[in-house]
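# A closer look at the structure
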Amino acid sequence: MIGVGKIKQYSNVLDKPLSKGKQEVSLSAFAFLFSELVQYNQTQVDNIAELERRLEDAGYAVGARVLELLCHRDKVADSLEKGTEHEDEYMISEKELLVNRFISIPKDMGTFNCGAFVAGIVRGVLDSAGFPAVVTAHFVPMEDTDATLHL
């Protein structure tokens, strides 16, 4: 009975095969985890710009690994547009960004944008693919909705 009950050990998480089971995380679990990430980083900074930078750095770490782990994405952005100011400028538009859906911004943090986390993910994916980029997140008021996030 050689090999019976033997569990293969992986030295790196990237060596593990992708699960064939349910590949979704509950929305409430994600919202809770992301809320904790924001709250923790909020206690570590003195201003909104630094908080957004820390979220972008966290997002970058996620994005750098997304390219290695995923080849397919079920949901696409609402639009991708070429910018008009620079030849190499593009805008990804999303009307209801998940990380902003369950976040309440206190009045004293009025310009804070959790989309910085997603901007970091996009920057991490692009950088890991060999396309260094500057990625920023900002709101643009729209008539049919509260705001659209542009990355």
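Residues numbered from 1 in each chain as written. Predicted model: local features only at pLDDT ≥ 70, side-chain atom pairs only at ≥ 80, totals over all residues. Heavy atoms only, no water.

As named in an unreviewed UniProt entry, the protein chain is Trafficking protein particle complex subunit 5, taken from Morella rubra. Turning to the protein chain, the UniProt annotation filed under Sequence similarities (unreviewed entry) states: "Belongs to the TRAPP small subunits family. BET3 subfamily." (UniProt positions renumbered as here; feature names shortened; annotations may be inferred.)

### Section: the nonpolar core
Among the nonpolar cores identified, the biggest contains 18 residues, and Phe34, Val38, Leu55, Val99, Phe112, Cys114 and Phe117 are the most heavily contacted of them. Where this core is concerned, the elements lending two or more residues are helix H1 (27–43), helix H2 (48–69) and helix H4 (115–128). Counting residues per element, this core draws most heavily on H4, at six residues. Apart from the residues lying within four places of it in its own chain, the contact partners of Phe117 are Phe34, Leu37, Leu55, Glu56, Ala58, Gly59, Val62 and Val99. (Core = buried A, V, L, I, M, F, W, Y, C linked by side-chain atoms within 4.5 Å. Buried < 20%, exposed > 50% of the residue type's maximum accessible area, 1.4 Å probe, protein only. Helix = DSSP H or I, 4+ residues; strand = E, 2+ residues; numbered from the N terminus. Contact = heavy atoms within 4.5 Å.)

### A few points about the side chain of Glu56
Examined against the element boundaries, Glu56 turns out to sit in helix H2. Look at Glu56 and you get buried, because its relative accessible area is 19%. Not counting residues within four places of it along the chain, the set of residues in contact with Glu56 comprises Ala116, Phe117, Ala119, Gly120, Arg123 and Val135.

### Overview of the packing of aromatic side chains
The tally for this structure, following the rule as stated, stands at two aromatic pairs. Ring plane angle 15° and centroid distance 5.9 Å describe the contact between Phe30 and Phe34, whose orientation is recorded as stacked. Of this pair, Phe30 and Phe34 both sit in helix H1, four residues apart, which is roughly one turn of the helix. Residue Phe34 is classed as buried on the basis of its relative accessible area, which comes to 4%. Taken together, Phe30, Phe34 and Phe117 form an aromatic cluster joined through their ring pairs. (Phe/Tyr/Trp six-rings, centres within 6.5 Å; stacked < 30°, edge-to-face > 60°.)

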